[in-house]
Amino acid sequence: MAGKKQSNKDLALIVDNFAVKFKSIESQVQDLRSKLESNDKKYEILQTKLTNLTQKLQEVIEKPETTSKDQNLVCDKCGYAYMRKSEMEKHRMDKHQKVFPEKKCNICDKTFSKNCDL
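Here goes a summary of the coordinates provided.

Scoring rules and cut-offs
- Residues numbered from 1 in each chain as written.
- Predicted model: local features only at pLDDT ≥ 70, side-chain atom pairs only at ≥ 80, totals over all residues.
- Heavy atoms only, no water.
- Helix = DSSP H or I, 4+ residues; strand = E, 2+ residues; numbered from the N terminus.
- Buried < 20%, exposed > 50% of the residue type's maximum accessible area, 1.4 Å probe, protein only.
- Areas by Shrake-Rupley, 256 points an atom, 1.4 Å probe, with all protein chains shown as cover.
- Contact = heavy atoms within 4.5 Å.
- Disulfide = S-S within 2.5 Å.
- Expected span 1.5 Å × (residues − 1).
- Arc of directions from axis to C-beta.

Thoughts on the overall build of the chain
Tallying secondary structure elements over the chain gives 2 helices and 4 strands in all. The order of α-helices and β-strands along the chain, N terminus first, is α-β-β-α-β-β. For the chain, the proportion of its 118 residues judged to be buried stands at 6%. Of the roughly 10,800 Å² of accessible surface on the chain, 57% is carried by carbon and sulfur atoms.

Pasting the structure below:
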């Protein structure tokens, strides 16, 4: 009879150890699930950004950068004409949007958008 009681105690310890290990594994599984959900959200955000960039790239590809000589691009603010869209955009940024701070000449007090123009 004493042997049976000892084995029941051993069984109880085994069951308790199993329960502790099971809870630990269950907790790890929950942590992994939450990490997967977080990664899924990040993936969706990245996928959306990639889709938007792809659409913008497609728009750029479909629009030719150069124009014919009959269709010069003329700045609506100052009248300068350009053959390429990229040149027109650079002109607008340099001259009209003031993206870069102007540099002032120490000799004549004129302002320029680039150091090389001083």
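Considerations on the side chain of His91
Position of His91 among the secondary structure elements: in helix α2 (residues 85-96). If we ignore the near neighbours within four places in the chain, the residues touching His91 are Cys75, Cys78, Tyr80, Tyr82 and His96.

Brief notes about the state of the cysteines
Covalent bonding between the sulfur atoms of two cysteines is what defines a disulfide. One pass over the full model with this rule turns up 0 disulfides. Here Cys105 stays unpaired: no disulfide links it, and the sulfur of Cys108, its closest cysteine neighbor, is 3.6 Å away. Given a relative accessible area of 13%, Cys105 falls into the buried group.

Quick word on unusual backbone geometry
Of note, Asp109 is a non-glycine position whose phi angle comes to about 65 degrees, a positive value. With respect to the element layout, Asp109 can be found in the loop between β3 (103-104) and β4 (111-112).

Concerning the environment of Asp117
For Asp117, the location among the structural elements is in the segment after β4. Once the C-alpha coordinates of Asp117 and Lys103 are considered, the two residues, 14 residues apart in sequence, prove to be 9.0 Å apart.

Thoughts on α2
The end-to-end C-alpha distance of α2, which contains 12 residues, comes to 16 Å, matching closely the 16 Å that a straight helix rising 1.5 Å per residue would cover. Every buried residue of α2 is listed here: Met88, His91 and Asp94. Considered in projection along α2, the buried side chains sweep an arc of 135 degrees and stay on one side of the axis. Against β1 (73-74) and β2 (81-82) lie the buried residues of α2.

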